[in-house]
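The chain contents come next:
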Amino acid sequence: MTTLPKWGIVATIKADTTAILNFAAHHLDLGAHRLHIFLDADSPQARAALEAHPRCNVILTDEAYWAKHRRHRPEAHQPRQTMNATRAYRRRPGVDWLAHIDVDEFLWPERPIAEQLADLPADAPTARIRPIEALAPLPGDDPQQTWFKGCAARQKLRNRQTEEIYPTYGAHLNGGFLSHVTGKIFVRTGTKGVKFRIHNAFLDGGQIPNDFDLPQTRLCHFHAPSWEDWQRAYRYRLERGSYRVGLKPSGSNATTMNGLFSMIEAEGGEDALRQFYDEVCTATPDLRAHLAEHDLLHRVSLDLDTKRARHFPDHR
């Protein structure tokens, strides 16, 4: 009988206790052999719960941590994420495959992840997981279920479908997503010199080719799960995060997210932003119907409260 590969996750997290433990419990429930959690800001209750779990390795990245491993803490969160992920990869991560994902991302496999990784060629260095993005619920929707939108992997098909599904803004959006359509990757461990990035990995100065997907696993991304959540993160993302100036354009009109949102705000302020959100990010019957026509509508029940109670019973 062939031994299935062990897999794990590395994440740099700044969130409240419940969000941290939900993320950990979900992936432990899926069979993650090791979780490497770097706390970007301390959460004492979450840290204590993780430290007590045999499959969790938690590191507080305070000033002493950065002083030990680097002269200064990087100001932007992206280099902190990639440096921590690379460090976990290089320091005996205890698994055969390591994925670098965020606290608002949840793997959702159709069959065990270890079995999917075992199916890959023996020389496959990486495997990509494609994302789906959460839609905001309507009043009366089942709170245990979340609607998600997907997008096509091929760019030409994606552009055509996006303009059909989102008639007002589709030409300015990549797959109708507010965040990445690239997804995240598992990287096979044991190769010296590997460096993680947010969506890829590098070796000897070049990006490692991503020739393989895990088509039976989706990455459930809660990027803008409600108007209130989106607005709390909006200014930071616009100035320093995923909507910042300098990122590549998206959509068939080659519009950057920064340019799109700046244009919407200039034309109508917060009311125009809300109109955009309602059309693109809310699980209205019309949007669900359009997504379903293209086989891009997904419904997922993560049941995070149950999983958190199972793995961290003192923090229900």
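The following refers to the structure shown. (Residues numbered from 1 in each chain as written. Predicted model: local features only at pLDDT ≥ 70, side-chain atom pairs only at ≥ 80, totals over all residues. Heavy atoms only, no water.)

**Description of the overall build of the protein**
- What the protein contains, in helices and strands, is 10 helices and 13 strands.
- Since a compact globule built from 316 residues should have a radius of gyration of about 20 Å, the 20 Å found for the protein is in line with a globular shape.
- Buried positions account for 49% of the 316 residues belonging to the protein.
- Long-range contacts, defined here as pairs at least 24 residues apart, represent 72% of the contacts in the protein between residues at least 6 apart.
- Counting 41 positive and 39 negative side-chain charges, the protein places the averaged centre of each group 9 Å from the other. (Helix = DSSP H or I, 4+ residues; strand = E, 2+ residues; numbered from the N terminus. Rg over C-alpha atoms; globule rule 2.2 N^0.38 Å. Buried < 20%, exposed > 50% of the residue type's maximum accessible area, 1.4 Å probe, protein only. Contact = heavy atoms within 4.5 Å. Lys, Arg positive; Asp, Glu negative; His and termini not counted. Charge placed at Lys NZ, Arg CZ, Asp CG, Glu CD.)

**Concerning the pattern of salt bridges**
- Evaluation of the coordinates by the stated rule reveals 17 salt bridges.
- Residue arginine 240 pairs with glutamate 75 through a salt bridge whose shortest N-O separation is 4.0 Å. Of this pair, arginine 240 sits in the loop between α7 (227–239) and α8 (257–280) while glutamate 75 sits in the loop between α3 (63–69) and α4 (77–90), and the two are 165 residues apart along the sequence.
- Exposure remark for glutamate 75: the relative accessible area of 65% places this residue in the exposed category.
- When salt bridges with common partners are traced through the structure, they connect Asp40, Arg73 and Arg80 into a single cluster. (Salt bridge = Lys/Arg side-chain N within 4 Å of Asp/Glu carboxyl O.)

**Concerning the packing of α7 against α8**
- Running from N to C, α7 and α8 point in directions that differ by 160°, and their axes come no closer than 13 Å. By the criterion of interaxial angle, the relationship of α7 to α8 is roughly antiparallel. In the packing of α7 onto α8, the handedness of the crossing is left-handed. Residue-level inspection shows Trp227, Trp230, Gln231, Tyr234, Arg235 and Leu238 of α7 in contact with α8, the latter providing Asn258, Phe261, Glu265, Glu270, Leu273, Arg274, Phe276 and Tyr277. (Axes fitted to C-alpha atoms, helices over the stretch in contact; angles between N-to-C directions. Parallel < 35°, antiparallel > 145°, perpendicular 65-115°, else oblique. Left-handed = near helix turned anticlockwise from the far one by under 90°.)

**A short note on the pairing of strand β12 (residues 213–221)**
- Inspection of the sheet shows strand β5 (residues 105–109) paired to β12 by five bridges, in the antiparallel sense. Paired with leucine 107 across the two strands is leucine 219, which belongs to β12.
- Both strand β6 (residues 126–134) and β12 contribute to a ladder of five bridges, which runs parallel. Residue pairing in the sheet places arginine 130 in a bridge with arginine 218 of β12. (Pairing = 2+ DSSP bridges.)

**Looking at the nonpolar core**
- Trp7, Leu50, Leu107 and Phe186 are the most contacted members of the largest nonpolar core, which totals 43 residues.
- When residues in this core are grouped by element, the largest group, six residues, is from helix α1 (residues 17–30).
- Beyond its immediate sequence surroundings of up to four residues, leucine 107 is in contact with Trp7, Ile9, His26, His27, Leu30, Ile101, Ile113, Ile129, Phe186, Thr217, Arg218 and Leu219.
- Membership of the second largest hydrophobic core comes to 28 residues, among which are Tyr169, Leu173, Tyr234 and Met257. (Core = buried A, V, L, I, M, F, W, Y, C linked by side-chain atoms within 4.5 Å.)

**A few points about the side chain of histidine 180**
- With respect to the element layout, histidine 180 can be found in the loop between α6 (155–165) and β8 (184–188).
- A distance of 2.8 Å separates a polar atom in the side chain of histidine 180 from a polar atom in the side chain of glutamate 105.
- Polar contacts involving the side chain of histidine 180 include one to the main-chain amide nitrogen of glycine 183, which spans 3.2 Å.
- Excluding its chain neighbours within four sequence positions, the residues that come into contact with histidine 180 are Glu105, Pro131, His199, Leu219 and His221. (Polar contact = N/O pair within 3.5 Å; in protein donor to acceptor, adjacent residues only side chain to side chain.)

**With respect to the layout of surface pockets**
- One number sums up the size of the second largest pocket: a volume of about 320 Å³.
- What lines the second largest pocket is a set of 17 residues, among which Arg130, Pro131, Cys151, Ala153 and Arg218 lie closest to the centre.
- Elements that contribute at least two residues to the lining of the second largest pocket include exactly β6 and β12.
- A total of five residues in the lining of the second largest pocket trace back to one element, the largest contributor, which is β12. (1 Å grid on protein atoms, 1.4 Å probe; cavity = no way out; pocket = protein on both sides within 12 Å on 5 of 7 lines; lining within 4 Å. Points joined across faces, edges and corners; volume = space filled by probe spheres on them.)

**Describing the packing of α1 against helix α10 (residues 304–311)**
- Two elements in contact, α1 and α10, have axes whose closest approach is 8 Å; the angle formed by their N-to-C orientations is 80°. It follows that α1 is roughly perpendicular to α10 by the angle criterion. Contacts from Thr18, Leu21, Asn22, Ala25, His26, Leu28 and Asp29 of α1 reach α10 at Leu304, Lys307, Arg308, Arg310 and His311.
- Classifying every residue of the contact of α1 with α10 by side-chain character gives four nonpolar, four polar and four charged. (Nonpolar A, V, L, I, M, F, W, Y, C, P; charged D, E, K, R; others polar.)

**Structural notes on the sheet that holds strand β10 (residues 201–203)**
- Taken in spatial order, the three strands line up as β9-β10-β11 in an open sheet, and their pairing is antiparallel. Strand pairing shows two members of the sheet lacking a second neighbour, β9 (195–196) and β11 (206–207), which therefore form its edges.
- The pairing of β10 with β11 spans two bridges and is antiparallel. Note on β11: the bridge partner recorded for leucine 203 is glycine 206.

**Thoughts on empty space enclosed by the protein**
- Summed over all chains, the structure comprises one cavity of 30 Å³ or more.
- Counted as a void, the largest cavity has a volume near 40 Å³.
- Gly150, Cys151, Ala152, Arg158, Gln161, Thr162, Ile165, Tyr166, Gly175 and Leu296 are the residues that line the largest cavity.

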